[in-house]
Amino acid sequence: PVFSMPRHPLAFAGYFLTRGFLGHAALMIVLLALNTSIMTAQTFVLGQLVNVLSGLPAALGSLAPTTWFYMLVCTWLLGYLSDHAYATFANYTQVAMRVRIHDALFAYLLGHAPRYFLDQASGALAQKIRVTAAACTAIVEILVTNVVRLTVMFSLTTFLILNQAPDLLPIFAVFVVV
């Protein structure tokens, strides 16, 4: 039985993450980091294809235009597949987490089975529990998506700028700060 629940939204989400969902969150982070890396690399590969087609030297000058084209197609395909894998697993995790939150909150309230509240006192109490579970999973999704996506995107972009045009790094830094 559950004897106490955290009252702050982030602590509440953390409470359930540490009770069976850390592996899920880690896999979501890996899938999202992979997807963001591929999506960020697409612009680099497209730029290199344009450079090779226009006669300018590419970063990897020994590659033929067809190789850059195949790399572009691969990044498009892998980007789609990794995005789909992340979305599918994130949805699965959200549903499983909602079920766990429902069960814990119903058990916390009165020690009765969830069916008791649905049969006897459905309405405001059951709706609040549903909304709480949905909000908790939304908080986890937002935190994972925003933190991971921005961190990977800015890190990879900084790396590419340092290798391609280091003189543009101060402009990028001002853009990120503002």
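Going by the structure above, here's the rest.
Residues numbered from 1 in each chain as written. Predicted model: local features only at pLDDT ≥ 70, side-chain atom pairs only at ≥ 80, totals over all residues. Heavy atoms only, no water.

Q: Which residues make up the side chain of T40, and what are the values?
A: Note that T40 resides in helix α2 (residues 22-54). Note on T40: relative accessible area 11%, which makes it buried. A polar side-chain atom of T40 sits 2.8 Å from the main-chain carbonyl oxygen of T36. Beyond its immediate chain neighbours, meaning those up to four positions away, T40 contacts M153, L156 and T157. (Helix = DSSP H or I, 4+ residues; strand = E, 2+ residues; numbered from the N terminus. Buried < 20%, exposed > 50% of the residue type's maximum accessible area, 1.4 Å probe, protein only. Polar contact = N/O pair within 3.5 Å; in protein donor to acceptor, adjacent residues only side chain to side chain. Contact = heavy atoms within 4.5 Å.)

Q: Please give an account of the nonpolar core that cites residues and values.
A: Grouped together as the largest cluster of nonpolar side chains are 27 residues, with contacts concentrated most on M5, F12, F16, Y86, M97, I101 and V144. Counting 5 residues, the second-largest nonpolar core is a separate cluster that includes V45, L49, V52 and L72. (Core = buried A, V, L, I, M, F, W, Y, C linked by side-chain atoms within 4.5 Å.)

Q: Describe the environment of M28, and please don't skip the residues or the numbers.
A: With respect to the helices, strands and loops of the structure, M28 is situated in helix α2. The sequence separation of M28 and A87 amounts to 59 residues, and the corresponding C-alpha distance is 8.9 Å. When neighbours within four sequence positions are excluded, M28 is seen to be in contact with Y86, F89, A90, T93, E141 and V144.

Q: A description of the packing of helix α5 (residues 124-164) against helix α6 (residues 169-177) should follow, citing residues and the corresponding values.
A: Relative orientation and spacing of two packed helices are given, respectively, by the angle between their axes and the distance between those axes. Close contact between α5 and α6 brings their axes to 10 Å; oriented N to C, the two are set at 160°. When the interaxial angle is binned, α5 and α6 end up roughly antiparallel. The handedness of the crossing between α5 and α6 is right-handed. Judged by residue contacts, F154, T157, T158, I161 and L162 of α5 engage L169, F172 and V176 from α6. When the residues that make up the contact of α5 with α6 are grouped by side-chain class, the tally is 6 nonpolar, 2 polar and no charged. (Axes fitted to C-alpha atoms, helices over the stretch in contact; angles between N-to-C directions. Parallel < 35°, antiparallel > 145°, perpendicular 65-115°, else oblique. Left-handed = near helix turned anticlockwise from the far one by under 90°. Nonpolar A, V, L, I, M, F, W, Y, C, P; charged D, E, K, R; others polar.)

Q: Lay out the packing of α2 against α5 in plain terms, naming residues and giving numbers.
A: Contact geometry for α2 and α5: axes closest at 9 Å, N-to-C directions at 35°. In the packing of α2 onto α5, the handedness of the crossing is right-handed. Residues M28, I29, L32, A33, N35, T36, S37, T40, A41, F44 and Q48 of α2 touch α5, and the partners they reach there are E141, V144, T145, V148, R149, V152, M153, L156, T157, L160 and Q164. Within the contact of α2 with α5, the residues separate by chemical class into 12 nonpolar, 8 polar and 2 charged.

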